[in-house]
Amino acid sequence: MAKYFTSDLLIGQKSSSDNPLIYTGTPPAMVEQRFLHECTKRIKPDDELYLIGNLICELDDLKFYNQLPECHLYIICGDKERQIPNFAEVAEEILRNRPGCLDIYFGVHDVMIGTMSWRMAHDPRLLLGYSQLKPSICGSVHNLWTLKKASSGLPVLNVSFDAWGYGLLSENTIIKIYRKFLQGHFDQFIHCPT
């Protein structure tokens, strides 16, 4: 079983400066198809795919994710999803015919990566108090930074779609990034309030 991570795909948003798909210079529909192609090529039925917030702009855009290959799909809700009333119930209905399991979480959720427990949330500010305890994964900041060091000394890894070449980050890649982090490689220090 493999685990894959991404965030901030903003499917359905076509003309906003907050849309990472626009920054590629490629039409959003083409980038979306490349994403689906990468998922189809890499993800197997017993794999886990973590989509960490701001996946869609309108609820109807969630239908895009029915095209994903069979896997255990985890949605960690971000700003866009929290703005939609009854998002979890409606999302389960829209995605009910998608092959594989579906879990939806709001706020902070933990995941095992290798032998370590990591904490996830879309907004890195939600992790600041928690990151004292565990390494963290977030989205929301797009390509502003990829990896930062919290005042606890632990990493905060941004898995935004546009921060890593418009694709998926695998569990193995995150383990390699963590090893580099331990050698002192990261974007910059961030302060975690006590």
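Structure report, in brief.

Quick notes on the rules
Residues numbered from 1 in each chain as written. Predicted model: local features only at pLDDT ≥ 70, side-chain atom pairs only at ≥ 80, totals over all residues. Heavy atoms only, no water. Helix = DSSP H or I, 4+ residues; strand = E, 2+ residues; numbered from the N terminus. Buried < 20%, exposed > 50% of the residue type's maximum accessible area, 1.4 Å probe, protein only. Contact = heavy atoms within 4.5 Å. Areas by Shrake-Rupley, 256 points an atom, 1.4 Å probe, with all protein chains shown as cover. Salt bridge = Lys/Arg side-chain N within 4 Å of Asp/Glu carboxyl O. Arc of directions from axis to C-beta.

Let's talk about the overall build of the chain
Moving on, step 1. Helix and strand content of the chain: 5 helices and 11 strands.
Moving on, step 2. Across the 194 residues of the chain, 52% fall into the buried class.
Moving on, step 3. Excluding contacts between residues fewer than 6 apart, the proportion of contacts in the chain whose partners are at least 24 apart in sequence is 62%.
Moving on, step 4. Carbon and sulfur atoms provide 52% of the accessible area of the chain, an area that totals close to 8,900 Å².

A word on the pattern of salt bridges
Moving on, step 1. Under the definition given, this model contains 7 salt bridges.
Moving on, step 2. We note a salt bridge from D79 to R82, for which the minimum N-O separation is 3.1 Å. Residue D79 and its partner R82 are both found in helix α2 (residues 79–82); the two are separated by 3 residues, about one turn of the helix.
Moving on, step 3. Here D79 falls in the partly exposed class, since its relative accessible area comes to 30%.
Moving on, step 4. R119 is paired through a salt bridge with D110; the nearest N and O atoms lie 2.7 Å apart.

So, the environment of I11
Moving on, step 1. Tracing the chain through its elements places I11 in the loop between β1 (3–6) and α1 (28–42).
Moving on, step 2. Residue I11 is classed as buried on the basis of its relative accessible area of 4%.
Moving on, step 3. Filtering out sequence-adjacent residues up to four positions away, I11 remains in contact with E32, L55, I56, C57, D61, F64 and Y65.

Looking at the environment of L144
Moving on, step 1. When you line up the elements, L144 lands in the loop between β7 (136–138) and β8 (147–150).
Moving on, step 2. Taking relative accessible area as the criterion, L144 reaches 70% and is therefore assigned exposed.

Some words on helix α3 (residues 87–94)
Moving on, step 1. Within α3, burial applies to F87, A88 and A91. Along the axis of α3, the buried positions cluster into a sector of 90 degrees, meaning they face one direction only.

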